[in-house]
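# Inside the fold
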Amino acid sequence: MAAPATTLKAIWPVLLTLLISVAGGGVATLVGMPAGWLMGGALAVAVAAVAGLPMVMPDRLRDLSFLLIGMSMGASVAPDSLSLMASWPLSIAALAIELVLIVSLTGWMLAKVFKLDRGTAYLSSFPGHLSFVLGIASTGVGNTRQIVIIQVIRILMLTICVPIGAVFLPIAHFAPRVATDYLDVWQLLGLAAGCVVVGLVFIKLKFPAGFVLGAMAAATLGKLAGFYSAAMPVPLVTLTFVLTGALIGSRFAGISRGELLTAAKGGFVATMMMVGIVSVVAFLVSLVVDMPYGQIWLGLSPGALEGMGALGIALGYDTAFIAAHHVLRLLMLTLAIPTVVVLIRRRESATIMGQD
């Protein structure tokens, strides 16, 4: 009898995490919040994690959520995405300018206003590449725990900001396309198999967010090549949102309330600055590019790819545009992060020498 008890003890935290995500998503959906299954689940699991409940998303379940997100994003790609690419260079240029503004202004603010050391301030200000940022922090640059808290607050708040904005701002420009035909079981299994293979190849090639992007690439190519045209079944899309919400919220696991309160103010202000910068830049781009404001915002948003991609699906936007800009953001950060860290180290060394 010990073995079943041990198994139940191991899986209970996972089941609890999923149940809380379902409950939070269900409540948010009932009150009419856009992307309710995603936003409600993420918020409920985050609150539960901070309250001390064991919120756990094992690696296999995380990979399943990545697979479903990639499949859903690929299946949601607009048929005219290729013809719209001619308007992307302007938004890509805006993305580069936006990243410079975010890192320089939020990094400066965290250092001057909240008195964080330069390493912690600037590593906390990078909008993405969290694993890369934490890898650098572990070498002795900045306070790793503070960086984690500020970055997780950024991811959660950005996931919440878009649905709330959809209620009060005119960002829900296009209603989600209403599907009339859905993939059957065998089509889903075939598509999933192709997505897994390409996702593993992307991981092997060290693509950023490799499993999500690989799955999306396979699903997108399959759709554009005419191998399928039907949509993902609604229950499967809902499951995708529930898993993604649980994944986002579970990132607060292990963070005590004391640690959260210490870094939360800086994280909140930094995220609001990011939201403000993105909102202004997206508005300027929307004046000259014929795209819905919400779609541009999601493409330029410094949120996690899986969260922003899921929101794009829920709000009916072109996921190809969103994914392409997030990949470019991560590539830009790959070059920017080491450069900024070198500059911080040089400035710290100069300060120490000056004190000597």
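Residues numbered from 1 in each chain as written. Predicted model: local features only at pLDDT ≥ 70, side-chain atom pairs only at ≥ 80, totals over all residues. Heavy atoms only, no water.

## A few points about the environment of Asp 117
- In this structure, Asp 117 sits in the loop between helix 5 (88-112) and helix 6 (118-125).
- For Asp 117, a relative accessible area of 38% gives the class partly exposed.
- Taking the C-alpha atoms as reference points, Asp 117 and Asn 143, 26 residues apart in sequence, are found 8.4 Å from one another.
- The residues contacting Asp 117, other than those within four sequence positions of it, are Gly 142 and Asn 143. (Helix = DSSP H or I, 4+ residues; strand = E, 2+ residues; numbered from the N terminus. Buried < 20%, exposed > 50% of the residue type's maximum accessible area, 1.4 Å probe, protein only. Contact = heavy atoms within 4.5 Å.)

## Digging into a nonpolar patch on the surface
- Taken together, the side chains of Leu 90, Val 280, Phe 283, Leu 284, Leu 287 and Val 288 make up a nonpolar region of the molecular surface, amounting to roughly 600 Å² of accessible area.
- Ranked by residues supplied to the nonpolar patch, first place goes to helix 12 (residues 257-288) with five residues.
- Inspection of the secondary structure puts Leu 284 in helix 12. (Patch = residues over 30% accessible without salt bridge, like charges linked within 9 Å, V, L, I, M, F, W, Y side chains within 5 Å. Areas by Shrake-Rupley, 256 points an atom, 1.4 Å probe, with all protein chains shown as cover. Salt bridge = Lys/Arg side-chain N within 4 Å of Asp/Glu carboxyl O.)

## Focus: the packing of helix 12 against helix 13 (residues 293-300)
- Interhelical geometry of helix 12 versus helix 13 gives an angle of 130° and a closest axis separation of 9 Å. Looking at the two axes, helix 12 sits oblique to helix 13. Here helix 12 runs over helix 13; the crossing is right-handed. Contacts between helix 12 and helix 13 involve Val 275, Val 278, Ser 279, Val 281, Ala 282, Phe 283, Val 285 and Ser 286 from the former and Tyr 293, Ile 296, Trp 297 and Leu 300 from the latter.
- Here the contact of helix 12 with helix 13 is built from residues that sort into ten nonpolar, two polar and no charged. (Axes fitted to C-alpha atoms, helices over the stretch in contact; angles between N-to-C directions. Parallel < 35°, antiparallel > 145°, perpendicular 65-115°, else oblique. Left-handed = near helix turned anticlockwise from the far one by under 90°. Nonpolar A, V, L, I, M, F, W, Y, C, P; charged D, E, K, R; others polar.)

## Structural notes on the side chain of Ser 250
- Tracing the backbone shows Ser 250 in the loop between helix 11 (234-249) and helix 12.
- Given the relative accessible area of 12%, Ser 250 is considered buried.
- In terms of polar contacts, Ser 250 uses its side chain to reach the backbone carbonyl oxygen of Leu 247, at 2.9 Å. (Polar contact = N/O pair within 3.5 Å; in protein donor to acceptor, adjacent residues only side chain to side chain.)

## Remarks on unusual backbone geometry
- Phi is positive for Lys 115, close to 60°, though the residue is something other than glycine.
- Relative to the helices and strands, Lys 115 is located in the loop between helix 5 and helix 6.
- Given the relative accessible area of 66%, Lys 115 is considered exposed.

## Here we look at the environment of Ile 344
- Within the fold, Ile 344 resides in helix 15 (residues 319-355).
- Sequence-distant contacts of Ile 344, defined by excluding residues within four places in its chain, comprise Arg 118, Gly 119 and Tyr 122.

## Quick notes on the nonpolar core
- One finds Met 71, Leu 123, Phe 126, Cys 195, Met 232, Phe 252 and Trp 297 to be the most contacted residues of the largest nonpolar core, which totals 103 residues.
- Excluding anything up to four places from it in sequence, Met 71 contacts Leu 188, Leu 191, Ala 192, Cys 195, Ala 215, Ala 219 and Met 232. (Core = buried A, V, L, I, M, F, W, Y, C linked by side-chain atoms within 4.5 Å.)

## Looking at the pattern of salt bridges
- Applying the stated criterion across every chain, the model contains two salt bridges.
- Across the pair Asp 59 and Arg 62 runs a salt bridge whose closest N-O atoms are separated by 3.6 Å. Of this pair, Asp 59 and Arg 62 both sit in helix 3 (residues 59-75), separated by three residues, roughly a single helical turn.
- For Arg 62, a relative accessible area of 29% corresponds to the partly exposed category.
- Ionic pairing is found between Arg 62 and Asp 63, a salt bridge with its closest N-O pair at 3.0 Å.
- Look at Asp 63 and you get partly exposed, because its relative accessible area is 23%.
- Through salt bridges with shared partners, a single network forms among Asp 59, Arg 62 and Asp 63.

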